[in-house]
Amino acid sequence: MSPTPTPRHINLHPENHTPASLAATTFAVIVLGSGPAGRTLASQTSSAGLSTLIIEAELFGGDCPYWACIPSKALLRPAESLSASRGLSGARELISPQPQINVQGVFSRRDAFTSRWDDSAIVDISLEQGCTVVRGRGRLLSERTVAVTNVNGEKVVVAATQAVVLATGSDPVIRTGASAIAGLSDVPFWTPREATAADMVPAHLVIVGAGPVGCEMATAYAGFGGRVTLLNASAEILPALEARAGMIVREALRDAGVDVRVSVRATRVRKNADDTVAVELSDGSVLSGTTLLVAAGRTPRTREIGLEELGIKLSSRGRLGVDASLAVKGASGRWLYAIGDANGLSPTTHMGSYQARIAANAIIARAQSPSATAVGSLDTIPWSRFADTADEKAVSGVIFTDPNVAYVGLTVAEAEKRGMKVKAVEAEFEFPGAWVHAEFNYKGWANWVVDTEKKVLVGATFVGREAADLVHASTVAIVAEIPLDRLRHAVPPFPTVSEIYTVLFAALDADRE
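Below is a summary of the structure that appears in this document. (Residues numbered from 1 in each chain as written. Predicted model: local features only at pLDDT ≥ 70, side-chain atom pairs only at ≥ 80, totals over all residues. Heavy atoms only, no water.)

1. A word on the nonpolar core
Turning to step 1, where the next piece is worked out: I30, L41, L336, F429, W448, F462 and I500 are the most contacted members of the largest nonpolar core, which has 95 residues in total.
Turning to step 2, where the next piece is worked out: The biggest single contributor to this core is helix α9 (residues 349–368), with eleven residues.
Turning to step 3, where the next piece is worked out: Counting residues in hydrophobic clusters, the runner-up holds 37 residues, among them V106, A210, A218 and V260. (Core = buried A, V, L, I, M, F, W, Y, C linked by side-chain atoms within 4.5 Å. Buried < 20%, exposed > 50% of the residue type's maximum accessible area, 1.4 Å probe, protein only. Helix = DSSP H or I, 4+ residues; strand = E, 2+ residues; numbered from the N terminus.)

2. What to know about the sheet that holds strand β9 (residues 227–231)
Turning to step 1, where the next piece is worked out: Here four strands make up an open sheet; going across it, the order is β10-β9-β8-β14 and the pairing parallel. What marks the edges here is a single partner per strand, and that holds for β10 (259–261) and β14 (291–294). Averaged over all adjacent pairs, the angle separating strand axes in this sheet is 15°, with direction ignored.
Turning to step 2, where the next piece is worked out: Judged from the four bridges that link them, strand β8 (residues 204–208) and β14 form a sheet pairing that is parallel. Of the residues in β14, the one forming a bridge with V208 is V294.
Turning to step 3, where the next piece is worked out: Docked against the sheet, helix α7 (residues 212–223) engages β8, β9 and β14, running at close to 165° with respect to β9. (Pairing = 2+ DSSP bridges. Axes fitted to C-alpha atoms, helices over the stretch in contact; angles between N-to-C directions. Contact = heavy atoms within 4.5 Å.)

3. Overview of the pairing of strand β21 (residues 456–464)
Turning to step 1, where the next piece is worked out: Counting buried positions along β21 gives nine out of nine residues, so the element sits mostly inside the fold.
Turning to step 2, where the next piece is worked out: Where strand β18 (residues 404–409) meets β21, six bridges bridge the pair, whose relative direction is antiparallel. Of the residues in β21, the one forming a bridge with A406 is F462.
Turning to step 3, where the next piece is worked out: In this structure, strand β20 (residues 445–451) lies alongside β21, joined through seven bridges in antiparallel fashion. Its bridge partner lying in β21, W445 is registered against V463.
Turning to step 4, where the next piece is worked out: Connecting β20 to the antiparallel partner β21 that follows it, the hairpin turn spans four residues, and K455 within it adopts a positive phi of roughly 55°.

4. Section: α7
Turning to step 1, where the next piece is worked out: The first and last C-alpha atoms of α7 sit 16 Å apart over twelve residues, in line with the 16 Å expected at 1.5 Å per residue.
Turning to step 2, where the next piece is worked out: All of the buried residues in α7 are G214, C215, E216, M217, A218, T219, A220, Y221 and A222.
Turning to step 3, where the next piece is worked out: A positive backbone phi angle near 95° is found at G225, which sits one or two residues after α7. (Expected span 1.5 Å × (residues − 1).)

In structure tokens:
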């Protein structure tokens, strides 16, 4: 059985921009995928005078504006704001002691942010940037040649003179084989698309997977007043982050009424007589929910697009190896590039868009000076316009749970795995800027990972309500490799939550004594 359809009709395949409508079939650059990464690259190559075609199989814009970043944050923000207001004298008195979110109001807000799944505005932006758009699924036929076939079977073959760029995004992981959840194909279930597009709140939502998506959806639906159970196979939720961050979020979810279960796997599911779903767990227990959400990660859309036939190898997870300019290894002549989820380096919107800018710079330079030997080596210079260095040293992100988790760079474990000599510096949000922000009870934690040899910052994590914007100062410090003794002269204004930087330095200095 396929995932549970949301109770709404979303047309994934508008009937305009068909393969037959193309006035030309040769372009300088062809981009497979219209997500933020693909569109960022296309706008840049088009503005440089390189004719650019964007191929999109579903709604133009990719998952981000319709099912991922934008709608999920639109769903999460109202409850976060209400919870913050309840914590402040002068505001809490105006709110019911047991306030309920206006769920339909939140869904209407989400619908406005997604343009009600109408992609015409995003299409128009790319057209205004000089790009050409075609709807259909792209498949590589040979070097620089792509077949485009739409849902009606209409087909056209297009060619690129300079580059083909894979910005194909990703799909939810639905495990098969020994790691599969037995019986999953026989019961209805949600993927993240259904969770962010729904217009109803399940009586009991069971979420398999406690990564960013699972934790955010647990936060959202608990805020809507639904019963939520969150299952995670590892010993802590958000396992890719510092363990303390996961612990704080886990405790906050439990305070919000979420039943969080760690070190447990869903082994089998089945449909009950009352149409609920029974979930058998690895610890021998069984729970029943009205809706099952599988949020077990993402897999790149790189299979069945012609790569194997061209002899280009994928990793076991479907990722493409790339060089520093995002050109695909194994495709001689640097005509094929992979950005965003396709290379799996940092599968987030902002990092994919960063990669797009790097790849676009390289494509434009190589198109303008194809015989210049310097062009071929520019990507070997770290932090240059042609080198994807941030994916190695300064990946940033925010998980919009309540509290937020904002992070950049390396965790302590990642740094030690690389053989670096580091130490962790930790601090609580106990200072006037935090107290004023949250009525003396701001619950937050911050962590720095310090390279003790270079005396620079290599990682940072901030956990706290509305703490997302705190991380960028650390991102700048890591990218610029600002010496800590210089960074301490960047004085945060009083009274703001940014005072956490002063507190972190105090903790660093205390550790030296």
